[in-house]
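Results of the structural survey
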Amino acid sequence: MRSERLSFSVESVQDVPGGWQLAGEPGYHPRHWARPGDRFDRACGEHGREERTVDLVVVELTGTSAIVTGSGGDQLRPGDIVSGERLVQDSGPASEGLR
């Protein structure tokens, strides 16, 4: 197994029932975009705002927004980046020989 980094750049935060809607942009490649159930566990500012611990579960994600629930969403501000990791099964010739 290996881990993939997930991130979302926050442009704005809006309260929604049960959580927050984040407008912005997901990480650099769709393969690394968060999926429902993935977690963001850190938030930091683009311009030097210190890193904070959050526990946000992704409910929905599109190319321009994310809906999250959990704790720490009330601390998010425009310019923040939330990040986390997801474990994925290795694939390819090296891992196929292990079956």
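Here's what I pulled together on the structure shown here. (Residues numbered from 1 in each chain as written. Predicted model: local features only at pLDDT ≥ 70, side-chain atom pairs only at ≥ 80, totals over all residues. Heavy atoms only, no water.)

Below, the discussion takes up the overall build of the chain. Looking only at helices and strands, the chain has 1 helix and 6 strands in total. Traced from its N-terminal end to its C-terminal end, the chain shows the element sequence β-β-β-β-β-β-α. A total of 99 residues make up the chain; the buried ones form 36% of that total. Across the chain, every contact between residues at least 6 apart in sequence was considered, and the portion connecting residues at least 24 apart equals 61%. When the accessible area of the chain is evaluated, it comes to approximately 6,100 Å², of which 50% is carbon and sulfur surface. (Helix = DSSP H or I, 4+ residues; strand = E, 2+ residues; numbered from the N terminus. Buried < 20%, exposed > 50% of the residue type's maximum accessible area, 1.4 Å probe, protein only. Contact = heavy atoms within 4.5 Å. Areas by Shrake-Rupley, 256 points an atom, 1.4 Å probe, with all protein chains shown as cover.)

Bringing the side chain of D80 into the picture now. Checked against the element boundaries, D80 lands in strand β6 (residues 80-88). A relative accessible area of 1% places D80 in the buried class. At 2.9 Å, the side chain of D80 forms a polar contact with the backbone nitrogen of R77. (Polar contact = N/O pair within 3.5 Å; in protein donor to acceptor, adjacent residues only side chain to side chain.)

Looking now at the nonpolar core. Residues F8, L22, F40, L56, V68 and V82 are the most contacted members of the largest nonpolar core, which totals 16 residues. Contributing elements (two or more residues each) for this core: β1 (2-16), β2 (19-26), β3 (39-45), β4 (52-61) and β5 (65-71). Counting residues per element, this core draws most heavily on β4, which supplies 4 residues. Once residues within four sequence positions are removed from consideration, L22 is found in contact with F8, V10, S12, V13, T64, S65, A66, V68 and L76. (Core = buried A, V, L, I, M, F, W, Y, C linked by side-chain atoms within 4.5 Å.)

Pairing of β1 with β6 involves 8 bridges; the strand directions are antiparallel. In the sheet register, S9 faces β6, and the bridge partner there is I81. Bridge analysis of β1 against β2 gives 8 bridges, and the strand direction is antiparallel. Looking across to β2, one finds that V16 is bridged to G19. (Pairing = 2+ DSSP bridges.)

So, about the sheet that holds β3. Backbone hydrogen bonds hold the strands of a sheet together, and the pairing may be parallel or antiparallel. Taken together, the 6 strands give a closed barrel; going around it, the order is β1-β2-β5-β4-β3-β6, and neighbouring strands pair in antiparallel fashion. Between one strand axis and the next, the sheet turns by 45 degrees as a mean value, whatever way the strands run. (Axes fitted to C-alpha atoms, helices over the stretch in contact; angles between N-to-C directions.)

We now examine the pairing of β5. The pairing of β2 with β5 spans 4 bridges and is antiparallel. Counterpart to L22 in the pairing with β5 is A66. The turn linking β4 back onto β5 is made up of 3 residues.

Locating D74 in the fold gives a position in the loop between β5 and β6. Measuring from C-alpha to C-alpha, the distance between D74 and D15 comes to 8.3 Å, with 59 residues separating the pair along the chain.

The values reported here are purely geometric and, on their own, carry no functional implication.
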